[in-house]
Every structure is written in structure tokens, then in C-alpha cells.
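Structural overview
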Amino acid sequence: MARKYFGTDGVRGLVGVAPITPDFVMRLGYAAGKVLAKGAKSTSGRPVVLIGKDTRISGYMLEAALEAGFSAAGVDVMLAGPMPTPAIAYLTRALRLQAGVVISASHNPFQDNGIKFFSEHGTKLPDAVELEIEEAIDQPMGCVPSDKLGRATRLRDAQGRYIEFCKGTFPNELDLRGLKIVVDSAHGAAYNIAPHVFHELGAEVVSIGAQPDGFNINAGVGATAPKALSEAVVANKADLGIALDGDADRLIMVDAEGRIYNGDELLYVMVRDRMATGPVAGAVGTLMTNMALEVAFKQMGIGFARAKVGDRYVLEVMKERGWLLGGEGSGHLLALDKHTTGDGIVSALQVLSALKRENKSLAECCAELQLYPQTLINKKVPAGFDWTKDQALVAEKEAVERELGDSGRVLIRASGTEPLVRVMVEAKEAEVAESMARRIADKLAA
């Protein structure tokens, strides 16, 4: 059964346009409250959910709408304010709450926003639960009696609790003394958290992208615009750079030379480091994961599996196989022995511990991994567009695949969060990947 409102990462869209409107979000809060709180009780006698948000101006409006919906459903609300998405996952689990809610559109510009949920276990909701919430949304909204209405309180020291959690994922025998690190928080949810984590572990920290004004989230900074970090690392003569996205669940890193390292390379470093301390059964990537990583893991004797694009699907495959490590080239990285969800700060600490343990640079740790060139082209399409029914596009895709043979891959997929079709071609030569991707994308444009 297809989902009506939920995409690959919650409900997301342009603020003021359905479904990201105050009335819908209030109904969403009411429906989610009814579904998530079934049979759940807290010490107050009512279910409790935690709400966090990033730094978008629209967060105030949507937070109030969600709070009203939950209250009408008889659910108590704890408000955490601006907090990374993975922080809400952690705090929901640590405080034994019934659910966590994040108001964020992640890497999107400030005009967009969204709502995503975490279960009591700190994991993203399975498709079946999202479908149940969608069915409840389409039912008339009610309201519990006045003596059953939910209350709202502010969670004290949410930032401090999460900072300590992040630091706890770094080995006790190591520290970051002697490292100068540029931390780019994308003017997002981690602006007042990430710099403290790395500083308190001993690093000299230069902070950029840490002046949110409600409108500048992800604007020319962060994991989706790593050039700013690269330039800042070189300008400050730093050893490393760490870039997060607006809700801090993605990670991109930069070395002292200004070279950018994506999620595939960082996952390789994490897996390689774990092998030095014990066996690693396997790792999970996605359909977009670079072929070079798959080849490298095979040579290392490590299993590899591809999931659908989206960290929620990576997580599902990891759990199915009992593996602890996985991720995406976009920078969503998961280490299930450290956290229940993707976390940019925690992932950075895993990479930093590998560099510290081996006393090597990022370049040295990635020396044996040579990524195949990839070209990714995004094309805007009308809502509901199905590329598989575009005969010219399908024919061109098949022609390119025949020409590539075993020396490359073609992947076409619709975005789960935006009205886009993504065309990706991977080949041993960059020129071949680019020309073939444009051939396919031009058919789509036509």
C-alpha cells in the first residue's frame, strides 16, 4: 500500500503548501498521538512525546501546531528546542518516552520543512506504523475531555545531555589534543552542540556555519555545500574539517589539503578501523554506493549488501543481517553499537578515533580505496511523475547499460523528498560517466 503523506524521511514539503500547513500538522500530531500512544503510559498517567526542531523560522509555527494536536489526543509534550535529529532519537530512548518528533527538512533550504518520528526505541518508524498514522489523519479530528488534555513542558539541559552522550561514543583512552578542526554546523540544529563536543574532547575548534537566523540553514555551508569547509580548513591551516547538514544526521569531512571525503570513504575508514579491533561480518550501502567500496570490502573478506536509498532502508537491512555498520555516500552513516540512528557527530568521532588509533591522515586511511567516477544529475519533474513509463528514457537507459557492460552502472530513481528524478551513471572514466548521464537526462528533459 503506497503512503500518501510520508516520504523516505517523514512528511516534507514547502511551508504553507499542503501538507506543511498548520492545520495539517495539527491533525498529524493528533493522529500520531492516537497511534503511537496505544497502551503506553508514563509516570504522569499520560503518554509523553519529545519534540525537537532545527533552526528554520517555520519551526515555531509547526511546533505549536504539533503541540496542539498531541494535547488534543491526550498526550503530554516535552519541548527540546533546536536539537539535532539524532539527539531526539537518543533522548526519546534515554528518557523512556513513547515517541520523538523532529521538525526539520534536513538538507533542504529554509523554505521547506518537515516532520519525522522516532519510536520509543529511538528508531525511525516502520512503514506499517506510518501507514496507520496516515489512515488516522484522514479521520475526523476529535479532542479528549479537558481533564485528559496533554500538558507541555520544557526539557531542561537537553543540549548538555546529548553532548555527554556523543562524547561517550569516543574511546576513553583517546582524545583529540593536538588537532585543529573546523566544524561547519550548516547554521542548523547542531550550531551550539557540535563545537562543544570536539572542544571538550581536546581539539582546537574553529566554528563556521554557527550563526542561524531562521533563514540561512544549509545556505552555502554544511554537508551539502562542503566547499566552504574546504576553504576554511586551508585558510585556518587546520588538520581536518567536519561538515554537518541542517539537522546534523549527515557527515562530510575534509583533510588538511582541502580534499573532500564523502560518506562512502568515511564508511570505509570506519569498517577498516573496526577490523583492527575485531571481526566485521559486513556493511550495508545503497543503490548509490560507489562500486569501488563494494570491491574493496570483497577483497577485505567483508560482506556487502545494497539497500534502497534512504538511511531508514540501510538500517532495515543492517538489522536483518545483524550487521553494525552502514551508510550512504551523502553522509548518512550508522554505527548501531553507538547509536540507533544516523548521527553526524557520532560518525565523525568514529572516524577521528580511527585516525588517532592509527596515527594516520584521512588520505592515508583511504589510500587503497579509489572511487569510480560518478555523475549524478537531478531533474525536476511534475508531482507524481513515473519515469518507468517514459519509453524514450527507458530505451536510452538500456542502451547505455549495454554500452557500459561490466564497467559501470546506471541508476534512475525518484526522490522521496522532492519532485526530482535522479540519474546516476558510474564508470571507470569520468568522461564516460558524465556523457552517458547527460544522454539519459536529456531524454528525461524532453
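Given the structure is predicted, the values throughout are model-derived calculations rather than measurements.

**A short note on the packing of helix 3 (residues 85–94) against helix 5 (residues 158–168)**
Axis separation between helix 3 and helix 5 bottoms out at 10 Å; the angle between their running directions is 95°. Taken as axis vectors, helix 3 and helix 5 run roughly perpendicular relative to one another. Contacts between helix 3 and helix 5 involve Pro 86, Ala 87, Tyr 90, Leu 91 and Arg 93 from the former and Ala 158, Arg 161, Tyr 162 and Phe 165 from the latter. Tallied by class, the residues present in the contact of helix 3 with helix 5 amount to seven nonpolar, no polar and two charged.

**Points about empty space enclosed by the protein**
Enumeration according to the criterion identifies one cavity of 30 Å³ or more in this entry. As a volume, the largest cavity reaches approximately 50 Å³. Around the largest cavity, the lining residues are Phe 6, Asp 9, Gly 10, Lys 116, Phe 117, Lys 124, Leu 125, Glu 130 and Arg 312.

**Quick word on unusual backbone geometry**
Of note, the amide linkage connecting Ala 18 to Pro 19 takes the cis form, showing an omega dihedral of 10°. Within the element layout of this structure, Pro 19 appears in the loop between strand 1 (11–14) and helix 1 (22–36). The phi dihedral of Asp 157 falls on the positive side, at around 55°, and the residue is not glycine. Taking relative accessible area as the criterion, Asp 157 reaches 53% and is therefore assigned exposed. For His 187, which is not glycine, the phi dihedral falls at a positive 50°. Within the fold, His 187 resides in the loop between strand 7 (180–184) and helix 6 (194–200). Classification of His 187 as buried rests on a relative accessible area of 11%.

**Brief notes about the packing of aromatic side chains**
The full count for this structure, using the stated rule, is six aromatic pairs. Between the aromatic rings of Phe 6 and Phe 117, the centroid separation amounts to 6.2 Å while the plane-to-plane angle is 50°, which identifies the pairing as tilted. Of this pair, Phe 6 sits in the segment before strand 1 while Phe 117 sits in strand 5 (residues 112–118), and the two are 111 residues apart along the sequence. Seen in terms of ring centroids, Phe 110 and Phe 215 are 5.3 Å apart; in terms of plane orientation they differ by 85°. Their pairing is edge-to-face. A residue pair is termed long-range when its members are at least 10 positions apart, and Phe 110 in the loop between strand 4 (99–103) and strand 5 and Phe 215 in the loop between strand 8 (204–208) and helix 7 (227–235) qualify at 105 residues. Taken together, Tyr 90, Tyr 162 and Phe 165 form an aromatic cluster joined through their ring pairs. A cation over an aromatic ring shows up here: Lys 308 above the ring of Tyr 313, its NZ or CZ 4.2 Å from the ring centre.

**Focus: the side chain of Asp 112**
Residue position: Asp 112 is located in strand 5. A polar atom in the side chain of Asp 112 sits 3.1 Å from the side chain of Asn 108. Discounting chain neighbours no more than four positions away, the residues touching Asp 112 are Gly 13, Leu 14, Val 15, Arg 56 and Ala 105.

**Quick word on the pairing of strand 2 (residues 48–53)**
Within strand 2, six of the six residues are buried, which leaves the element mostly enclosed by the surrounding structure. In strand 2, alternate side chains face the same way, and those of Val 48, Leu 50 and Gly 52 on one face and Val 49, Ile 51 and Lys 53 on the other are all buried. Where strand 2 meets strand 3 (residues 76–82), six bridges bridge the pair, whose relative direction is parallel. Following the sheet pairing, Val 49 is matched in strand 3 by Val 77. Handedness of the crossover joining strand 2 and strand 3 through helix 2 (residues 59–72) is recorded here as right-handed.

**Remarks on the sheet that holds strand 1**
If you trace the six strands from one edge of the open sheet to the other, you get 1-5-4-2-3-6, paired in mixed fashion. This sheet does not close on itself; its edge strands, each paired only once, are strand 1 and strand 6 (152–154). Strand-to-strand twist in this sheet, taken as the mean axis angle between neighbours without regard to direction, amounts to 20°. On top of the sheet, helix 1 reaches strand 1, strand 4 and strand 5; it is set at about 5° to strand 5, its chief contact.

**Section: a nonpolar patch on the surface**
Side chains of Ile 57, Tyr 60 and Phe 215 sit close together on the surface and give an oily, nonpolar patch of about 340 Å² of accessible area. Here Tyr 60 lies in helix 2.

**Some words on the layout of surface pockets**
Its volume calculated, the largest pocket comes out at about 1,000 Å³. When residues of the lining of the largest pocket are traced back to their parent elements, those giving at least two are strand 11 (260–261), helix 8 (263–277), strand 16 (374–380) and strand 18 (420–427). Considering every element that reaches the lining of the largest pocket, the biggest residue donor is strand 16, with three residues. Here the lining of the largest pocket is composed, by residue class, of 12 nonpolar, 17 polar and 11 charged.

**Description of helix 9 (residues 291–299)**
Of the residues making up helix 9, those classed as buried are Met 291, Ala 292, Leu 293, Ala 296 and Phe 297. Buried residues along helix 9 sit against helix 8, strand 12 (282–286), strand 13 (303–307), strand 17 (408–414) and strand 18. Of the residues that open helix 9, the one with a side-chain oxygen 2.9 Å from the backbone nitrogen of Ala 292 is Asn 290. Backbone geometry just downstream of helix 9 places Gly 301 in the positive-phi region, at approximately 80°.

**Notes on the sheet that holds strand 8**
Judged by pairing direction, the sheet is mixed, and its five strands sit side by side in the order 8-7-9-10-11 without closing on themselves. Two strands in the sheet have a free side with no partner beyond their single neighbour: strand 8 and strand 11. In this structure, strand 7 lies alongside strand 9 (residues 240–244), joined through four bridges in parallel fashion. Paired with Val 183 across the bridge in strand 9 is Ile 242.

**Focus on the pattern of salt bridges**
If you walk through the whole model with that rule in mind, you get 24 salt bridges. One salt bridge connects Arg 312 with Glu 130, and the closest N-O pair in it is separated by 3.0 Å. With Arg 312 in helix 10 (residues 311–321) and Glu 130 in helix 4 (residues 127–137), this pair connects stretches of sequence that are 182 residues apart. In this structure Arg 312 comes out as buried when scored by relative accessible area, which is 5%. Look at Glu 130 and you get buried, because its relative accessible area is 4%. Its salt-bridge partner being Asp 273, residue Arg 357 comes within 3.0 Å of it at the nearest N-O pair. With Arg 357 in helix 11 (residues 344–358) and Asp 273 in helix 8, this pair connects stretches of sequence that are 84 residues apart.

Criteria and cut-off values
Residues numbered from 1 in each chain as written. Predicted model: local features only at pLDDT ≥ 70, side-chain atom pairs only at ≥ 80, totals over all residues. Heavy atoms only, no water. Axes fitted to C-alpha atoms, helices over the stretch in contact; angles between N-to-C directions. Helix = DSSP H or I, 4+ residues; strand = E, 2+ residues; numbered from the N terminus. Parallel < 35°, antiparallel > 145°, perpendicular 65-115°, else oblique. Contact = heavy atoms within 4.5 Å. Nonpolar A, V, L, I, M, F, W, Y, C, P; charged D, E, K, R; others polar. 1 Å grid on protein atoms, 1.4 Å probe; cavity = no way out; pocket = protein on both sides within 12 Å on 5 of 7 lines; lining within 4 Å. Points joined across faces, edges and corners; volume = space filled by probe spheres on them. Buried < 20%, exposed > 50% of the residue type's maximum accessible area, 1.4 Å probe, protein only. Phe/Tyr/Trp six-rings, centres within 6.5 Å; stacked < 30°, edge-to-face > 60°. Lys NZ or Arg CZ within 6 Å of the ring centre and 35° of its normal. Polar contact = N/O pair within 3.5 Å; in protein donor to acceptor, adjacent residues only side chain to side chain. Pairing = 2+ DSSP bridges. Right-handed = clockwise from strand over helix to strand, strands pointing away. Patch = residues over 30% accessible without salt bridge, like charges linked within 9 Å, V, L, I, M, F, W, Y side chains within 5 Å. Areas by Shrake-Rupley, 256 points an atom, 1.4 Å probe, with all protein chains shown as cover. Salt bridge = Lys/Arg side-chain N within 4 Å of Asp/Glu carboxyl O.

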